[in-house]
Each structure stands twice: as structure tokens, then as C-alpha cells.
Amino acid sequence: MPAHSSFRWWLFVLLLLPVWALARSSTALDVQADKIVLAKHLWYWQDHSQRQTLAQVMSQPGGWQRQSHDKPYFGYSDSAFWLKVDLVNNGAQPLARVLEIAYPLLDDVQVFLVADQAPVQQYRIGDSFPFHQRVIQHRLLLTPLTFQPGRDYTLYVRIASTSGLQAPLTLWSYPAFQEHDHNRQLILGLLYGALLIMAAYNFFIWLSVREKSYLFYVAFVMVYTLMLTTVDGFTFQYLWPEQVWWNNRAIVIELASALFASMLFSKNFLHTEVYSP
């Protein structure tokens, strides 16, 4: 090859390097940020059979759709849904991150961190498994991820559940997550505390006046509070961490009980037997 042709070829390669770097940075999220909400960066694929493996999903040439909602939600479905996003650590040091799925009612969640077409980290969590099996003991679905410097990754998340299929995914640094979780727990504690104070206050009124409507109101508030703590994952963590069968059905029973208690309260408080026989 003549010298001038070789020079032109290398010059062409050098000119393409910034373009390649720009394209790479535009498709892969840099994980150096303390908080990355992944929702609008996700692609999803629906597995109607619920039998596709990671290798089969990775080889899918098409069928992936862009997720555009603030919180990925797929309704109630017998299908499994695969989510994916490209990530990269552009820093000079390894980074430890935690992936948060802020919906604890998902039955089966599989997380795969893939590099060079091979999984380097993988986890399986969800409320179909005893609580002690979680790699991070938390009411929400959390998995630890480690990103080596200068390496490209693809994160795959498979979700399947009999409850609503939603996957609010956020990638956190550990200090940022701990601060956020502390503030969130404080707000939830104030909410639950206020509900319990209302229940206790009305219970003491019932002890004084023996009016049944107060007792039914106490029952409603207590069951409603229990339902909220189940939705938030606290009951599975603290009350029945090994009772998988019950945990998957508790929310339905608690909701029905709350509605029944509210009807009893309304009937007695409004005296419907007198005014609307």
C-alpha cells in the first residue's frame, strides 16, 4: 500500500473515533451519577410463553419496543416482560451501585448484568420466595451491581407476576439510596403513626360511649393501615417473611375486609335501618 494511501486510511479512522465515541455515549447511560431513573431509557419485549431464557432473549433480532412512560406499567398479564438498557462506566474506578425496583408485590424478578454477551451478575428475587433469600434484606426489591471502569454492559430485567406488572427501576449509589430511603421511611412512619393515633382515639371514645360505629371505624382504619403496609412491603419483611402463600393473597383479603368494615361503619353511623329501611 502506498504511503499516502496508508496515511489517508489512518486519518479517516482518527476522524471516525469522535463519532464512534459520541454514538456510544448517546446509547449507553453512564453509571457515575448518584441516581439514574431508568424508565424512559428502557426497551421491553413481551414473552407470551414465559419460557424464554436470557440467551434466547439476547438473540432476538426484533420485537423490542421503547418504553416511554415515567413508570413502566404493563397491566395484568400472563406474559413475562423483559426490560433492557445499555450502561457504561466511563470512570477510572469500579463503581458499586444498587438497582431498586420500587414495587414489592412482583412475584418473580430476574436481574442479569451482561458484558461481552455473557452474564457477569445475576439475581432472582420477588415475593414468591421467602424473604431471607433476598440478597439485600429490604422491603423493596434491591440488587447490588458492580461496574468495572471502561466496560460496556447491558442490564436485563425479567418480570412476571399475578399482580399488576409495573417496574419503577432506579440505579443508585449506596449513599444516595440510604439518604433517600431514610427520608421515605420517615414519611411513611408519620403516615402510619397518624392512622394508628386515629384508631386509638376512636377506640377510647367507643370505650366511653359504646357506640358501635366508633368500633367499626377503628376496625376500618386498622385493616386499611395493614393493607398499606402490605402494599409497601413491610408486612412481608416483619410479620410473615416466610409465608409466601399468605403474602400473595393478603392484599386481596385485606382490601375486602377494609370494604366490609367501611360498609358496617357507614350503616351504623348513618342509621340506615331507621332512615332508609
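If you're wondering where the values come from, they're calculated on a predicted model, not measured in any experiment. (Residues numbered from 1 in each chain as written. Predicted model: local features only at pLDDT ≥ 70, side-chain atom pairs only at ≥ 80, totals over all residues. Heavy atoms only, no water.)

Trainee: Is there a simple way to explain the packing of helix 3 (residues 174-209) against helix 4 (residues 212-231) in this structure?
Mentor: Axes are the key here: two packed helices are described by the angle between their axes and the distance separating the axes. Contact geometry for helix 3 and helix 4: axes closest at 8 Å, N-to-C directions at 160°. Accordingly, the angle class assigned to the pair helix 3 and helix 4 is roughly antiparallel. For the crossing formed where helix 3 meets helix 4, the hand is left-handed. Contact with helix 3, carried on its side by Leu-191, Tyr-192, Leu-195, Leu-196, Met-198, Ala-199, Asn-202, Phe-203, Ile-205, Trp-206 and Val-209, involves Lys-212, Tyr-214, Leu-215, Tyr-217, Val-218, Val-221, Met-222, Thr-225, Leu-228 and Thr-229 of helix 4 and no other residues of that element. (Axes fitted to C-alpha atoms, helices over the stretch in contact; angles between N-to-C directions. Helix = DSSP H or I, 4+ residues; strand = E, 2+ residues; numbered from the N terminus. Parallel < 35°, antiparallel > 145°, perpendicular 65-115°, else oblique. Left-handed = near helix turned anticlockwise from the far one by under 90°. Contact = heavy atoms within 4.5 Å.)

Trainee: Just to check I follow, could you spell out the packing of aromatic side chains for this structure?
Mentor: Two aromatic rings are characterised by how far apart their centres lie and by the angle between their planes. Inspection of the entire model under this criterion finds 16 aromatic pairs. With centroids separated by 5.9 Å and ring planes inclined at 20°, the aromatic side chains of Trp-82 and Phe-112 adopt a geometry described as stacked. Highlighted residues: Trp-82 in strand 5 (residues 80-88) and Phe-112 in strand 7 (residues 108-115), separated in sequence by 30 residues. Of the aromatic side chains, those joined through ring pairs into one cluster are Tyr-44, Phe-74 and Phe-81. One cation-aromatic arrangement involves Lys-84 over Trp-64; the distance from NZ or CZ to the ring centre is 4.5 Å. (Phe/Tyr/Trp six-rings, centres within 6.5 Å; stacked < 30°, edge-to-face > 60°. Lys NZ or Arg CZ within 6 Å of the ring centre and 35° of its normal.)

Trainee: Explain the sheet that holds strand 6 (residues 95-101) to me, please; I cannot follow it from the model alone.
Mentor: Either a parallel or an antiparallel arrangement is found when strands of a sheet pair, and the pairing is made through backbone hydrogen bonds. Strand order in the open sheet formed by four strands is 2-11-6-9, and the pairing between neighbours is antiparallel. The sheet is open, and its two borders are formed by strand 2 (35-37) and strand 9 (141-147), each paired with just one other strand. Ignoring which end each strand starts from, the neighbouring axes of this sheet average 20° apart. Looking at chain direction, strand 6 and strand 11 (residues 169-173) are connected through five bridges and run antiparallel. In the sheet register, Leu-99 faces strand 11, and the bridge partner there is Leu-171. Each of strand 6, strand 9 and strand 11 touches helix 3; the most contacted strand, strand 11, lies at about 115° to it. (Pairing = 2+ DSSP bridges.)

Trainee: Hey, could you run me through the confidence of the model for the protein in this one?
Mentor: Detailed reading of predicted coordinates is not advised where the pLDDT is low. Of all residues in the protein, 90% attain a pLDDT of 70 or more, and the chain-wide mean is 89. Here helix 1 (residues 3-27) is the element of the protein with the lowest mean pLDDT, 45, and strand 9 is the one with the highest, 98. Counted against residues more than four places away or in other chains, residues 7-26, with its pLDDT under 50, gives four contacts. (pLDDT = per-residue confidence, 0-100.)

Trainee: I tried to follow the packing of helix 4 against helix 6 (residues 244-270) on my own but got confused; where do I start?
Mentor: Orientation of helix 4 relative to helix 6, taken along the N-to-C sense of each, is 160°, at an axis distance of 8 Å. By the criterion of interaxial angle, the relationship of helix 4 to helix 6 is roughly antiparallel. The two elements helix 4 and helix 6 cross, and the hand of that crossing is left-handed. Along the contact surface, helix 4 presents Lys-212, Ser-213, Phe-216, Tyr-217, Ala-219, Phe-220, Val-223, Leu-226, Met-227, Thr-230 and Val-231, while helix 6 presents Ala-250, Ile-251, Glu-254, Leu-255, Ser-257, Ala-258, Ala-261, Ser-262, Leu-264, Phe-265, Asn-268 and Phe-269. Of the residues that constitute the contact of helix 4 with helix 6, the class distribution is 16 nonpolar, five polar and two charged. (Nonpolar A, V, L, I, M, F, W, Y, C, P; charged D, E, K, R; others polar.)

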